[in-house]
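Tertiary structure, described
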Amino acid sequence: MSPVLRTVLQRLGLGVLTLFVVSIIIFATIEMLPGDFAKAILGQSATPETVAAFQREIGLDRPPVERYVEWFVGVLRGNFGNSFSSVGALGGGHERTVVSLIAPRLANTLFLATLTASIAVPLALVLGMLAALYRNSLFDRTVNFVTLTSISVPEFFVAYILMLFLAVRFPIFHSLARISSDMALGERAVRSALPVMTLVLVIVAHMMRMTRAAIINLLASPYIEMARLKGMSAARVIYHHALPNAWAPIATVVALNLAYLIVGVVVVEVVFVYPGIGQLMVDAVSARDIPVVQACALIFAVAYILLNLLADIVSIVTNPRLLHRR
Amino acid sequence: MSVEFEKDRSPTGRGAAEAGAAPAARFRPVPATRTPLQSAWRELKRAPMTAWFGLVVVAAYVVVAVFAPVVAPYGESEVVGNQYESWSERFLFGTDQLGRDMLSRLIYGARNTIGIAFLTTALSFLIGGLLGLMAAVLGRWPDQLLARVVDVLMAIPQLIFALVLLSIFGASVINLILIIAVLDSTRVFRLSRAVAMNVVVMDFVEAARLQGENLGWIIAREILPNILPPLAAEFGLRFCFVFLTISALSFLGLGIQPPTADWGSMVRENATLITYGDVTPLLPAGAIALLTIAVNFVVDWFLHKTSGLKDER
């Protein structure tokens, strides 16, 4: 087996193991619930019978391992169980599955993330490379100052400034990103312009700084200096010597920042009332709707782990030292 | 580092000896060694503008936070006017959604938000730093175990993990501090373990071990003094991160709870004003932003000075 394939398989195995352990952690959080939790959910007036029924409903009368296996198998089949919001109306109200709550919102969040990534990634890479190539120039210093400032600032600050100037003072965009599934794609994109812009600003700052650092690091290595000293053209140095070694750090930068997007999306969705999974999670946390929180957390965690795994694998596959073993 | 120490310790001893020998010898008198305060001032004079800006801003925040009751015109949760009054002589920044003075809330917010973030960071350093150093010194299975646990904990995005734990334990200040401190200590663990690893292999640590010193001595007297500068810089960065996380959670309504004045929740409570083109809700957000930028500037300068990091960052 080639060394590349073996390393990749190793990383994949490790990734699957991490996913498994993370699912246990997320599931196990429910074990840490305080004893009077049922009362807190059902209200102080709940009778002992209702409390007992609720506990049976969420399965607290059975051993944790059994419940975990059941939950895990359900998750693999795309069944995350029922939301507490339906349990609250025990006997009466119709059941609401977690999937029915999450599915439409997940699509919205993916739309937002894809739109952001497709703008942010090329922009950040180009800016980062330019800043690295023209290091210590006015351009570099300006970009550095602006990005350092914008990564130090909370996302909601950026979001509200954009909202104030681009939606209220000068009504160019919609201040609230209310979108629904029956809108056309273009209409949806226009309405989510401000959340996308906010995320792009924050992500580009991070990604650009990391790209710049990675490239500078690379350009400082002796073999680049050698290539320059023997009179090679600048373009050839970049394309033939620097770039093959740059793929790995760049892939890491991109994946890390897309993972960062996951966190940023939560706050930005709340600011712009964007009907995505981040807002759903925040609402579920305030209502202490544990099954929904668990499902959202699992989705975010899986995305995060997969992106990191992807970065790992890309950096292995493009590593010239592994590809051309002596 | 060691040179610095020598300089600071010697003023009385060497200075006195030199002064006594001066009249007889033909050497020029050696100027007295600088006290720590003087060398600090010397460094400050050479500090760039950004570092000065950062230091002044941080100092101002601390003063406001400490003397909040003296500085603020009204009480923290005192209802003094109608809701959403505009900026005036009486209420410099207007009033909030319940008719409380915005300026007073901002001032008290400095105390609460910065205090809680600082406490959390300190706790996170206590946990993460101690475990990291222990892992580095002990090695073998304790190190492996801690490192793997931290790996798994770090595989979940921090804000998401915090949200899950908050939904379980409920949103309160104590829970918030504990949860964020534990989650953030994973990052501190990584760093302190990594920097301590470089020191653990040195001869003087080996000597201390052979001498029979216990774990506490090795950590506190042999390793800690040598890794203090990177840890101090990290403290600044972690503080920013914790501060932003807590503000974000408060903004989401899951962090510091009303009626405590806090910048994150103030943005949330007054956000509707934005849609009328009013900048008031941006004030607390701006206060958060300004402090994090200031701390970042100071840390940048500090890193530049203490490590060989001359060009990058």
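Calculation notes
- Residues numbered from 1 in each chain as written.
- Chains lettered and ligands numbered in written order.
- Predicted model: local features only at pLDDT ≥ 70, side-chain atom pairs only at ≥ 80, totals over all residues.
- Helix = DSSP H or I, 4+ residues; strand = E, 2+ residues; numbered from the N terminus.
- Contact = placed C-beta atoms within 7 Å.
- Buried ≥ 20, exposed ≤ 12 C-beta atoms within 10 Å, placed from the backbone.
- Nonpolar A, V, L, I, M, F, W, Y, C, P; charged D, E, K, R; others polar.
- Axes fitted to C-alpha atoms, helices over the stretch in contact; angles between N-to-C directions.
- Parallel < 35°, antiparallel > 145°, perpendicular 65-115°, else oblique.
- Left-handed = near helix turned anticlockwise from the far one by under 90°.
- pLDDT = per-residue confidence, 0-100.
- Core = buried A, V, L, I, M, F, W, Y, C linked by C-beta atoms within 7 Å.
- Expected span 1.5 Å × (residues − 1).

1. Describing the overall build of chain B
Tallying secondary structure elements over chain B gives 13 helices and 0 strands in all. If you take every contact in chain B between residues at least 6 apart in sequence, the share linking residues at least 24 apart comes to 66%.

2. Points about the overall build of chain A
A tally of regular secondary structure across chain A gives 15 helices and 0 strands. Looking at chain A as a whole, 36% of its 326 residues are labelled buried. The contacts in chain A between residues at least 6 apart in sequence include a share of 72% that link residues at least 24 apart.

3. Comments concerning the interface of chain A and chain B
Between chain A and chain B, the residue contacts involve 42 residues of the former and 35 residues of the latter. Elements supplying a minimum of two residues to the side of chain A that touches chain B: helix H1 (3-28), helix H7 (138-151), helix H8 (155-169), helix H10 (193-219), helix H12 (234-271), helix H13 (277-287) and helix H14 (290-317) of chain A. Residue contributions to the side of chain A that touches chain B peak at 8 residues, all from H8 of chain A. The class makeup of the residues in the side of chain A that touches chain B is 34 nonpolar, 6 polar and 2 charged.

4. Observations concerning unusual backbone geometry
Trans is the common state for peptide bonds, and a negative phi is the common state for residues other than glycine. Residues other than glycine seldom take positive phi values, yet Val 273 of chain A does so here, at roughly 50 degrees. Among the secondary structure elements, Val 273 of chain A is positioned in the loop between H12 and H13.

5. Things to note about the packing of helix H6 (residues 98-133) of chain A against H14 of chain A
Residue and element names in this part refer to chain A. Direction vectors running N to C along H6 and H14 enclose 40 degrees, while the axes themselves pass 10 Å from each other. The angle between H6 and H14 falls in the class oblique. Seen along the crossing, H6 lies across H14 with a hand that is right-handed. Packed against H6, whose contacting residues are Val 98, Leu 101, Ile 102 and Leu 106, the element H14 presents Pro 291, Val 292, Ala 295, Cys 296 and Ile 299 at the interface.

6. Concerning the environment of Thr 275 of chain B
Within the secondary structure, Thr 275 of chain B is located in the loop between helix H12 (263-269) and helix H13 (282-306). With 163 residues separating them along the chain, Thr 275 of chain B and Asn 112 of chain B place their C-alpha atoms 28 Å apart. Setting aside residues up to four positions removed in sequence, Thr 275 of chain B forms contacts with Val 168 and Ser 175 of chain A.

7. Thoughts on the packing of helix H11 (residues 222-229) of chain A against H12 of chain A
All names here are of chain A. At a closest axis distance of 10 Å, the pairing of H11 and H12 adopts a crossing angle of 150 degrees. The angle between H11 and H12 falls in the class roughly antiparallel. Viewed along their axes, H11 and H12 form a crossing whose handedness is right-handed. In this structure, H11 uses Tyr 223, Ile 224, Ala 227 and Arg 228 to contact H12, whose residues at the interface are Val 237, His 241 and Ala 242. Split by residue class, the contact of H11 with H12 holds 5 nonpolar, 1 polar and 1 charged.

8. Looking at the environment of Gly 277 of chain B
Here Gly 277 of chain B lies in the loop between H12 and H13. Excluding residues within four positions of it along the chain, Gly 277 of chain B makes contact with Leu 164, Val 168 and Arg 169 of chain A.

9. So, the confidence of the model for chain B
All names here are of chain B. Chain-level pLDDT for chain B is 80 on average; 89% of the residues reach the 70-or-more range. Taken together, the stretch residues 1-22 has pLDDT below 50 and engages in 11 contacts with residues farther than four places along the chain or on a different chain. Note on residues 309-313: pLDDT under 50 across the span, and 6 contacts to partners over four residues away in sequence or across chains. This prediction of the complex comes with two scores: 0.80 for pTM and 0.80 for ipTM.

10. So, the nonpolar core
By size, the foremost hydrophobic cluster in this structure holds 141 residues, and its most contacted members are Tyr 160, Val 204, Met 281, Val 293 and Cys 296 of chain A together with Ala 162 of chain B. Looking at which element gives the most residues to this core, the answer is H12 of chain A, with 16 residues.

11. Some details on the confidence of the model for chain A
All names here are of chain A. Considering every residue of chain A, the mean pLDDT works out to 80; 88% of them sit at 70 or more. Predicted confidence in chain A is weakest over helix H5 (residues 84-87), with a mean pLDDT of 63, and strongest over H11, with 87. Residue range residues 88-92 is modelled with pLDDT below 50. Its contacts to residues more than four positions away, or to other chains, number 5 contacts.

12. Some points on H1 of chain A
Taking 1.5 Å per residue, 26 residues should reach 38 Å; H1 of chain A reaches 37 Å between its end C-alpha atoms and fits that length. When we look at burial in H1 of chain A, the residues that qualify are Val 22, Ser 23 and Ile 26 of chain A. Looking at the buried side of H1 of chain A, the elements it contacts are helix H4 (64-76) and H14 of chain A together with helix H7 (140-154) and helix H8 (158-169) of chain B.

13. Some words on the environment of Val 263 of chain A
Along the chain, Val 263 of chain A turns up in helix H12. Sequence separation between Val 263 of chain A and Gly 278 of chain A is 15 residues; the distance between their C-alpha atoms is 8.5 Å. Apart from the residues within four sequence positions on either side, Val 263 of chain A is in contact with Pro 157 and Leu 159 of chain B.

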